[in-house]
Amino acid sequence: MLLRKFDGYWGGWRQAKHFTAVNMLIIPEASTQRLMLEKGELDMAMKFPTEALPAFQKNPDVQVARGQGLRVLYLRLQNAAPPTSDGRVRQAINYAFDGASFRKATEGTYDPPTGPAPALFLGDWSPKFPYTYDPAKAKMLLQGAGYGEGRKAKLIADLLIATPDQRKAAEILQAGLAATGAAELEIRENEWPVMLKYNSEWQKTRDPATAHHLFGLFTPPRVPDAYAYLWYTYHSKAIGAFARNVMNYANPKVDDLLDRAAASTRSAEKIAFYRQATQIIVDDAADLFVGTQTKVYALRKHIKGFYVHPLWFPTVTVYPLHRE
Amino acid sequence: MLRFLLRRTLFLALVVLGALAVVFAMAHVIPSDPARAALGQDASQEQVDEYRRKLGLDDPLWWQFVRYVGRLARGDLGVSIVTGNRVVDDLRDAVPATVELVLPSIVVALVLGILLGVASAVWRGRAVDHLSRVVSILGMSLPVFWFGLVLQLVFYKHLSWLPAGGRLPLTAMPPEGPTGIYTVDALVAGDLGLVLEAFRHLVLPVITLSTVSIATVARITRASLLDVLGRDYVRTARAKGLGERATVYKHALRNALIPVVTIFGLRVGIMLGGAVLTETIFAWPGIGRYAFYGLRQLDLPVVSAFVVYVTLAYAALNMLVDASYSFLDPRIRGAAS
């Protein structure tokens, strides 16, 4: 795709340094993209696997730009079928997840989890988040729920195919659960339309024998409000009606708080309701909150004027870019 | 000949119909929800149902199939469920890119493969033969993906001789032209600089794509030629004093080429339909990559269009291969007439 300068742009073209055309190339193979950036054929790489980051950081001709991202990665937990319908099992899953290892494996491109919505949308506030990696505590909780060496909790994770970060999170959880000796996780990968169909079909039967217990999902800010993260995902009215509360979380208190937040026109009051709802969701261990994705771009050193925009998709404001 | 062509065309229509029926059936055996995938998770069930109605996905399968075949007969390949683009428009961009990649690969594979095979058979047991066999085995065993990346490392990163990907440099404008094949369109426009650039961008993908075929053709040519060189009529040709070159090229090679042509026809079909890996490594926007993304989203119009394309390509190649038999072997020509 080729973007060309529009002479009538209201901002004007005062600087001679403005780019007059920007060519966007889809390069699916990560190593090709990396080679082309390192050789200077590309000025910027917008989407690349995190494994390429150390090489970019060491390269004196390349700069890495990081910024606040607003996309939250969850491994959503099935609230309507055992074993994850038991709150103790959901908490155990949260304690069995080694978040530090995940952040290391993804080269620091995720911020530690602060619950279902980024702090930015809650007035720069995070809930009390008790879940740190603690396999002993996870084991204790699983034992409390009736699972142990003789009767392991058998879990199935349904992930979107070719999504390495989801895969890494699930594998790290798999190891954490194995360390408890009381649970085991099977990881499956599927195409997106297949996952959606499975979810809508499962809602009709809710058969525990065919349940998937974890569902990999990114949630972006479709509207600039905590509503985007909370209502569709955690309100009981969203079960079945939309495809986001697919794991059937339902808590009347949360419903009430989310409805009141949605109805409120006062910002402070709205945020207060969202905060209360968020704390309940975290305490319920409704999901495994993996982290908030940091936005990372790699640019040639001579490209100036770039800033990271926190929007969902990789976004580049071309106008201020120039070469030095 | 006319009867032969008519029969083959009818057979081709049946094959396309059968392939489409299989794709339709499979798309409904795999439980998936492309309408929901296209609209996103926050779309309400009513919106998804409406979209499904709009696309006709709620109609009985047989009716969807009949409607699709009817549209296809009018040259309408439908609209991508995911992108909303007309599939025929997408193909208009993707097919020329694949053709531009595959045609030179065919020529390279055929010429080098036959030369290597002939050299190997004629100088059997000598250094050339050993070298040819090593090259063939390597060519067949090297994973395409790995080989492409190694070529990029050597010729792009270290030597800086050739580009790593794309059809043209990022700063170059694609030529306006009737074919969509950049080398041809640039040539028609008289822009020799652009022809050279398009050619440079072809070199590494063509080497990557043709390597397996070179190896296959070389192996088959060698085996077939060795078999033919031991036949009585070759011995007779030698006995009557014909030179070795004339014996090999005029008498033996032509007969030895029949199995080569058969295998090569299949290889070309694979190249035309399945250059996915090469297109992915070299950021080549061809049909393989297009079909791959369509499959990832189970986008039925895209997948069906790809199946039609591959079936037609295979059928056309088979016809060409059959026709070439009668050219290569007069006995077949005689039997056909």
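All residue numbers here refer to positions counted from 1 along the written sequence of the relevant chain. Chain letters and ligand numbers both follow the written order, the letters beginning at A and the numbers at 1. Totals for whole chains, interfaces and linings use every residue, but because this is a predicted model, local features are given only for residues with pLDDT of at least 70 and side-chain atom pairs only at 80 or more, for both listing and counting. Processing note: side-chain calculations cover all non-hydrogen atoms of the structure and skip hydrogens and water entirely.

This part takes up the interface of chain A and chain B. For an interface, size is often stated in terms of accessible area lost upon the parts coming together. Whether two residues are in contact is decided by their heavy atoms, any of which lying within 4.5 Å being enough. Each partner contributes residues to the interface: chain A has 33 residues there, and chain B has 31 residues. Summed over both partners, the accessible surface that disappears when two parts come together, traced with a 1.4 Å probe, is what is meant by buried area. Both faces combined, the contact of chain A with chain B buries some 3,000 Å², and carbon together with sulfur accounts for 59% of it. It is L35(A), K39(A) and P193(A) in chain A that bury the most area against chain B; as a group they hold 19% of the surface buried on that side. Throughout this description, the term salt bridge denotes a Lys or Arg side-chain nitrogen within 4 Å of a carboxyl oxygen of Asp or Glu. Counting the contacts that link chain A with chain B gives zero salt bridges. Each polar contact in these results corresponds to two N or O atoms within 3.5 Å; when the atoms are within protein, one needs to be able to donate a hydrogen and the other to accept it, and residues that are neighboring in sequence are counted only if both atoms are side-chain atoms. Put simply, chain A and chain B have six residue pairs in polar contact (both at pLDDT 80 or more) between them. Residue assignment for the side of chain A that touches chain B shows that the elements contributing at least two residues are β1 (2-4), α1 (30-38), α7 (192-205) and β8 (214-219) of chain A. Charged residues are taken to be Asp, Glu, Lys and Arg, nonpolar residues to be Ala, Val, Leu, Ile, Met, Phe, Trp, Tyr, Cys and Pro, and polar residues to be all remaining types, Gly included. Partitioning the side of chain A that touches chain B into residue classes produces 20 nonpolar, four polar and nine charged. Secondary structure elements are defined from DSSP: runs of H or I of at least 4 residues count as helices, runs of E of at least 2 residues count as strands, and each element is numbered from the N terminus.

This part is about the nonpolar core. Most often, soluble globular proteins keep nonpolar side chains buried together rather than apart. Membership of the largest hydrophobic core comes to 62 residues, with the highest contact counts inside it found for L75(A), L173(A), Y229(A) and Y234(A). Sequence-distant contacts of L75(A), defined by excluding residues within four places in its chain, comprise L159(A), A169(A), A170(A), L173(A), L214(A), F215(A), G216(A), D287(A), L288(A) and V290(A). Here, nonpolar core means buried Ala, Val, Leu, Ile, Met, Phe, Trp, Tyr and Cys residues that are tied together by side-chain atoms lying within 4.5 Å of each other. Classification of residues uses two cut-offs on accessible area relative to the type maximum, computed with a 1.4 Å probe and protein chains only: under 20% is buried, over 50% is exposed, and between them is partly exposed. Ranked by size, the runner-up nonpolar core spans 60 residues in total, among them V87(B), V248(B), V260(B) and F264(B).

Exposure above 30% relative accessible area and no salt bridge define the residues that can form patches, which grow by joining like charges within 9 Å and nonpolar side chains of Val, Leu, Ile, Met, Phe, Trp and Tyr within 5 Å. The Shrake-Rupley method, run with a 1.4 Å probe, gives the accessible areas here. Residue values count only the displayed protein chains as cover. A cluster of nonpolar side chains, contributed by V107(B), L110(B), V111(B), L112(B) and L115(B), occupies part of the molecular surface with about 420 Å² of accessible area. Considering the arrangement of structural elements, one finds L115(B) in helix α5 (residues 87-122).

Expected span of a helix: the number of residues minus one, times 1.5 Å. For α7(A), which comprises 14 residues, the first-to-last C-alpha distance of 21 Å matches the rise-based estimate of 20 Å (1.5 Å per residue) to within 8%. Along α7(A), the residues that are buried comprise W192(A), P193(A), V194(A), M195(A), L196(A), N199(A), W202(A) and Q203(A). Contact partners of the buried residues in α7(A): β6 (153-160), β7 (183-190) and β8 of chain A together with α2 (34-39) and α13 (287-296) of chain B. Just downstream of α7(A), R206(A) is the residue with a positive phi angle, here 50°.

This part is about the packing of α5(B) against helix α14 (residues 300-328) of chain B. All names here are of chain B. Two numbers describe how α5 lies on α14: the axes approach to 11 Å, and their chain directions differ by 45°. With respect to their mutual orientation, α5 and α14 come out oblique. Of the two elements, α5 crosses α14, and the hand of that crossing is right-handed. Taking contact as the criterion, the partners of V87, L91, V95 and T98 in α5 are, on α14, P301, V302, A305 and Y309. For helices, the fitted axis covers only the stretch in contact; all axes are lines through C-alpha atoms, and the angles between them, taken along N-to-C directions, range from 0 to 180 degrees. Angular relationships are summarised with four words: roughly parallel below 35 degrees, roughly antiparallel beyond 145, roughly perpendicular across 65 to 115, and oblique for the angles in between. For a crossing to be left-handed, the near helix must be turned anticlockwise from the far one by less than a right angle; the clockwise case is right-handed.

Attention now moves to the packing of α5(B) against α13(B). Residue and element names in this part refer to chain B. Packing of α5 against α13 leaves a shortest axis separation of 8 Å and a crossing angle of 135°. The orientation of α5 relative to α13 falls into the category oblique. Contacts between α5 and α13 involve V87, D90, L91, A94, V95 and T98 from the first element and I287, G288 and Y290 from the second.

All names here are of chain A. Each domain's extent was defined by an automatic or database domain assignment. Each assigned domain of chain A is listed here: domain 1 (2-67 + 294-323) and domain 2 (69-293). The distance between the C-alpha centroids of domain 1 and domain 2 comes to 33 Å. Contacts between the two partners involve 11 residues from domain 1 and, on the opposite side, 16 residues from domain 2. Carbon and sulfur atoms supply 54% of the area buried between domain 1 and domain 2, which totals about 1,000 Å² over both sides. Seen at the junction of domain 1 and domain 2, the total is one salt bridge. Inspection of the region where domain 1 meets domain 2 yields seven residue pairs in polar contact (both at pLDDT 80 or more). Elements that contribute at least two residues to the side of domain 1 that touches domain 2 include exactly α2 (53-58), β4 (62-77) and β9 (287-300). Of the residues in the side of domain 1 that touches domain 2, the class split is five nonpolar, three polar and three charged.

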